[in-house]
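As a plain string of letters, each chain reads:
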Amino acid sequence: ATETATATETLDACDAGQLESCAQTSPRVEKVEGGEVVVESIQSTIDEEATGGAGKDRWSRLKNTSTFKRTVEIWRFVIVFFFKLWVINQKWSYDKADRDKDAKGGISEAAKSKKSAELATWLRESLVTLGPTFIKIGQQFSTRSDILSPEFIAELVKLQDKVPPFSSALAVETIEKELGVKSWKEKFSYLEAEPIAAASLGQVHRARLLDGRTEVVIKVQRPDLKELFDVDTKNIRFVAQLLQSVDPKTDGAARDWVAIYDECCRILYQEIDYKMEGEYADRFRENFSDLPWVKVPLVYWDLTTERILTLEYSPGIKVSDKQALLSKGVDPAVIARYSVECYLQQILVKGLFHADPHPGNIAVDASDPADPKLIFYDFGMMGNIPNNVRQGLSNFFYAVYKNDVNEALDGLVGMGVLVPNSSADMTAIKRTGQFFLDSFKTRLREQREEKKRMQAEAALELNQPKVNTKEDKKAKRKKILSNIGQDLLVVANDQPFRFPALFTFVVRAFSVLDGIGKQLDPRFDISEISAPYARDLLLETRPGFSKLQDNLQRGADRQWEATKGLFVAPLKLNKIEGLLDSLERGDTKLRVRALEAERALQRVSIMQTVTTCVVMAAVSLNTATILSVAVNTAPPFIKTVCFLVSALFGLLTLKNLGTLSKLNKKEKQITGMA
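Residues numbered from 1 in each chain as written. Predicted model: local features only at pLDDT ≥ 70, side-chain atom pairs only at ≥ 80, totals over all residues. Heavy atoms only, no water.

Some words on the overall build of the chain
Moving on, step 1. Within the chain one finds 23 helices and 13 strands.
Moving on, step 2. Across the chain, the fraction of contacts at a sequence separation of at least 24, relative to all contacts at a separation of at least 6, is 70%.
Moving on, step 3. Of the accessible surface of the chain, which amounts to about 36,600 Å², a share of 58% is contributed by carbon and sulfur atoms. (Helix = DSSP H or I, 4+ residues; strand = E, 2+ residues; numbered from the N terminus. Contact = heavy atoms within 4.5 Å. Areas by Shrake-Rupley, 256 points an atom, 1.4 Å probe, with all protein chains shown as cover.)

Given below as structure tokens:
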């Protein structure tokens, strides 16, 4: 949450390429020239000094690049990135001072984090150079904490989408062409030629309607964007297919890289369809028509097409600007609570949620300080939660509230996160789930006690927050692994979990909202706001789940099971007796899964492979040596092949020894001996 808060402080709406929010929340810059007031574009001041004039050349170059050159450029970037990433994970690439035999891979966490941060910076700069497609994909991957390390997430969150605008003449030409008029004056009484914001996908111009009073903003799409997307996405799909085949997925989650690619493409093409964005804005406004503190700018459909979007001008204060809110008499704590409550409504009730609730995409209408309103902008990235997923999520939350692991797993199955199959050990999954539910309950109790302690110490001016040392964290990790290490290994091997791409936006949204809340209110705690509100929402959607009715239902179920047992128990005894007879006759085989034996057999299999590789390497080397020394008539080609075969088996030997070493380390971690 701290990283997110820091990122949101350094990246505003214009930096992130959120055009509508930049236009609605940024003030107009005016200067006097020759006795006249001239409106100056905010965007015109941003790139010349920063890029030395190189920005326009770079972006015009993309338009004129051939498909072949573009493909070569993309693959050069892909190969260089993965080579750099591979080097970071190699022990030999670090100085002796940066090595730690107790750390993962023998590399100290600090040294690896430093190199990862350097690579993340290079990645961000390279994505900007590659253009709109890669900027947007980079921004989407800033939500994928399940795939990328914190260093990459922190850098991609800062990914700027601020680029030079295209020519005003071309923008005006696009507006006239899309609206089917000879002159923009047929639709508007005033149109600012210079854009007030520009990003990789388009730019925004201010205007007034023919009545001369109604101010609007016009979002104009950058030319030839779809053609560039078509070339780039074909190459990216091939990269996704390669990752699908080489990703070891050792963390227990079966990532589907092709599905991730499909989700990214869906969002990319969705963002350049301005009619769809307008439809989402209308749906969002309709969904929250019952909440007076949520506001969405109106869409002018007669002035909107797939390539231009005309919206009501709804100015507001940036949601994270605490000083501006206080100066208007608005309580920042109220705004923080509104943000979380609105998002919970989107997820649990409405099913349509804003997939990018960046501080630049939410503003505050402070015209009435006693009744502030949240203004939502930029509906290019929206997510739809299907009914089964929303119901499963609701069931999961309620199961966590009741500390019921069986219902929690049913909820995960309903959402498609858990996929039970013949190879999945549900007993191990259930034990792991129960452990985390108990840990969550214990953690909440400890937080409440810690909060009371800090409040008491604050009253005595002795407030000293508890600091967890490295030894404390290590001891806690060993305790967890000693309790459920065996089950975690089973889950990692079976890979029963899937992480739908849809959920990454939900996770990131709560992270961003937590950062905004802490900026607005130091006492902000998203869990305290979410828990009672989520409980109320669940009780509203399921009135039968009130506490009294729930207790009565459980009691009735127990009585029914007891009554049914009086009649069913004798039949079950007969069935058990038949099963025992079947076991005695040998008709039924009892299968027992011994996890330790499975791992031992895996190590034995690897050792057999190592032995085979060593023998083959030795035989090939001896053959090559004999052919080189004793048999002078042997063709050089045969000798070379023998040496190459010997080297190949030698490399396979080293590879399998490395795999065996990793298995041994994992065994120590699981047993808590590491």
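Observations regarding the packing of helix α6 (residues 109-130) against helix α8 (residues 150-157)
Moving on, step 1. Across the interface, α6 lies against α8 with an axial gap of 8 Å and an inter-helix angle of 35°. Handedness of the crossing formed by α6 with α8: right-handed. Where α6 approaches α8, its residues S113, S116, A117, L119, A120, T121, L123, R124 and L127 are matched on the opposing element by E151, F152, E155 and L156.
Moving on, step 2. When the residues that make up the contact of α6 with α8 are grouped by side-chain class, the tally is seven nonpolar, three polar and three charged. (Axes fitted to C-alpha atoms, helices over the stretch in contact; angles between N-to-C directions. Left-handed = near helix turned anticlockwise from the far one by under 90°. Nonpolar A, V, L, I, M, F, W, Y, C, P; charged D, E, K, R; others polar.)

What to know about the environment of D256
Moving on, step 1. Position of D256 among the secondary structure elements: in the loop between α10 (225-246) and α11 (257-271).
Moving on, step 2. Residue classification places D256 among the partly exposed residues on the basis of a relative accessible area of 38%.
Moving on, step 3. Separated by 11 residues in sequence, D256 and S245 place their C-alpha atoms 10.0 Å apart. (Buried < 20%, exposed > 50% of the residue type's maximum accessible area, 1.4 Å probe, protein only.)

Topic: the packing of aromatic side chains
Moving on, step 1. Counted by the stated rule, this structure contains 14 aromatic pairs.
Moving on, step 2. On the numbers, 6.3 Å between centres and 85° between planes, the contact of F81 with F152 is edge-to-face. Placement of F81 in helix α5 (residues 67-88) and of F152 in helix α8 is noted, with a sequence separation of 71 residues between them.
Moving on, step 3. When the ring of F284 is compared with that of F376, the centres are 5.1 Å apart and the planes differ by 55°; the resulting orientation is tilted. Residue F284 is found in helix α12 (residues 274-287), and its partner F376 is found in strand β12 (residues 373-376); the two are separated by 92 residues along the sequence.
Moving on, step 4. Overall, F284 belongs to the buried group, its relative accessible area being 0%.
Moving on, step 5. Ring-pair connections join several aromatic residues into one group, and the members of that group are F77, F81, F82, W122, F134 and F152. (Phe/Tyr/Trp six-rings, centres within 6.5 Å; stacked < 30°, edge-to-face > 60°.)

Comments concerning unusual backbone geometry
Moving on, step 1. Positive phi, normally seen in glycine, also occurs at D224, with a value near 60°.
Moving on, step 2. Following the sequence through the fold, D224 ends up in the loop between β6 (215-221) and α10.

A closer look at the pattern of salt bridges
Moving on, step 1. Summed over the entire model, instances satisfying the criterion amount to 14 salt bridges.
Moving on, step 2. A salt bridge links K226 to D230; its shortest N-O distance comes to 3.5 Å. Here K226 pairs with D230, and both are found in helix α10, just four residues apart, close to one helical turn.
Moving on, step 3. Using a relative accessible area of 46% as the deciding quantity, one classes K226 as partly exposed.
Moving on, step 4. A salt bridge links D365 to K295; its shortest N-O distance comes to 3.6 Å. (Salt bridge = Lys/Arg side-chain N within 4 Å of Asp/Glu carboxyl O.)

What about the pairing of strand β8 (residues 308-312)?
Moving on, step 1. β8 sits mainly inside the fold: five of its five residues count as buried.
Moving on, step 2. Pairing of β6 with β8 involves five bridges; the strand directions are antiparallel. Following the sheet pairing, I218 is matched in β8 by T310. (Pairing = 2+ DSSP bridges.)

As for a nonpolar patch on the surface
Moving on, step 1. A cluster of nonpolar side chains, L573, I576, L579, L580, L583 and L590, forms an exposed patch at the surface whose accessible area comes to about 610 Å².
Moving on, step 2. Mapped onto the fold, L573 is located in helix α21 (residues 547-585).
Moving on, step 3. When its relative accessible area of 58% is taken as the criterion, L573 is described as exposed. (Patch = residues over 30% accessible without salt bridge, like charges linked within 9 Å, V, L, I, M, F, W, Y side chains within 5 Å.)

Things to note about helix α7 (residues 132-141)
Moving on, step 1. In terms of burial, α7 is a largely internal element, 10 of the 10 residues being buried.
Moving on, step 2. Residues of α7 that are buried: P132, T133, F134, I135, K136, I137, G138, Q139, Q140 and F141.

Overview of the environment of P420
Moving on, step 1. In this structure, P420 sits in the loop between α16 (405-415) and α17 (426-459).
Moving on, step 2. In this structure, P420 is in contact with V413 and M426, ignoring residues within four places of it in sequence.

A few points about the sheet that holds β12
Moving on, step 1. Here we have four strands laid out as an open sheet, ordered β7-β12-β11-β9, and mixed in their pairing. What marks the edges here is a single partner per strand, and that holds for β7 (294-295) and β9 (317-318).
Moving on, step 2. Relative to strand β11 (residues 362-365), β9 runs antiparallel, the two sharing two bridges. By the bridge assignment, I317 is partnered in β11 with V364.
Moving on, step 3. The strands touched by helix α14 (residues 332-350) within the sheet are β7, β11 and β12, with β12 carrying the most contacts at an inclination of about 55°.

With respect to the environment of I218
Moving on, step 1. Looking at where I218 falls in the secondary structure, it is placed in strand β6.
Moving on, step 2. Separated by 95 residues in the primary sequence, I218 and Y313 have C-alpha atoms spaced 9.5 Å apart.
Moving on, step 3. If sequence neighbours within four positions are ignored, I218 has contacts with I175, F188, L191, Q203, V204, H205, A207, I308, L309 and T310.

Observations concerning the nonpolar core
As a rule of thumb, soluble globular proteins bury nonpolar side chains together.
Moving on, step 1. Counting residues in hydrophobic clusters, the biggest one holds 64 residues, and the most contacted among them are F353 and L374.
Moving on, step 2. Among the elements that make up this core, the one with the highest residue count is α14 (10 residues).
Moving on, step 3. Apart from residues lying up to four places away in sequence, F353 is in contact with Y343, Q346, I347, M382, G383, N384, I385, L502, F505 and V506.
Moving on, step 4. Core analysis: the next-biggest nonpolar cluster, separate from the first, contains 35 residues, F77, I88, A111 and V128 among them. (Core = buried A, V, L, I, M, F, W, Y, C linked by side-chain atoms within 4.5 Å.)

Regarding the pairing of β12
Moving on, step 1. Bridge count between β7 and β12: two bridges; the pairing is parallel. Across the sheet, residue K295 finds its bridge partner in β12, namely I375.
Moving on, step 2. Sheet topology note: the β11/β12 ladder contains four bridges and is antiparallel. The residue bridging D365 from the neighbouring strand is K373, located in β12.

Digging into α10
Moving on, step 1. Between its first and last C-alpha atoms α10 spans 32 Å; for 22 residues at 1.5 Å apiece the expected length is 32 Å, and the two agree.
Moving on, step 2. Buried residues along α10 sit in contact with α5, α7, β6 and α11. (Expected span 1.5 Å × (residues − 1).)

Brief notes about a positive patch on the surface
Moving on, step 1. A cluster of like positive charges, contributed by K91, K96, R99 and K665, occupies part of the molecular surface.
Moving on, step 2. The topology assignment puts R99 in the loop between α5 and α6. (Lys, Arg positive; Asp, Glu negative; His and termini not counted. Charge placed at Lys NZ, Arg CZ, Asp CG, Glu CD.)

Notes on the side chain of S93
Moving on, step 1. Within the secondary structure, S93 is located in the loop between α5 and α6.
Moving on, step 2. S93 sits in the buried class, given a relative accessible area of 17%.
Moving on, step 3. Within the structure, the side chain of S93 is placed 2.8 Å from the backbone oxygen of V87, a separation counted as a polar contact.
Moving on, step 4. If near-sequence neighbours (up to four positions away) are discounted, S93 is found in contact with V87, I88 and K115. (Polar contact = N/O pair within 3.5 Å; in protein donor to acceptor, adjacent residues only side chain to side chain.)

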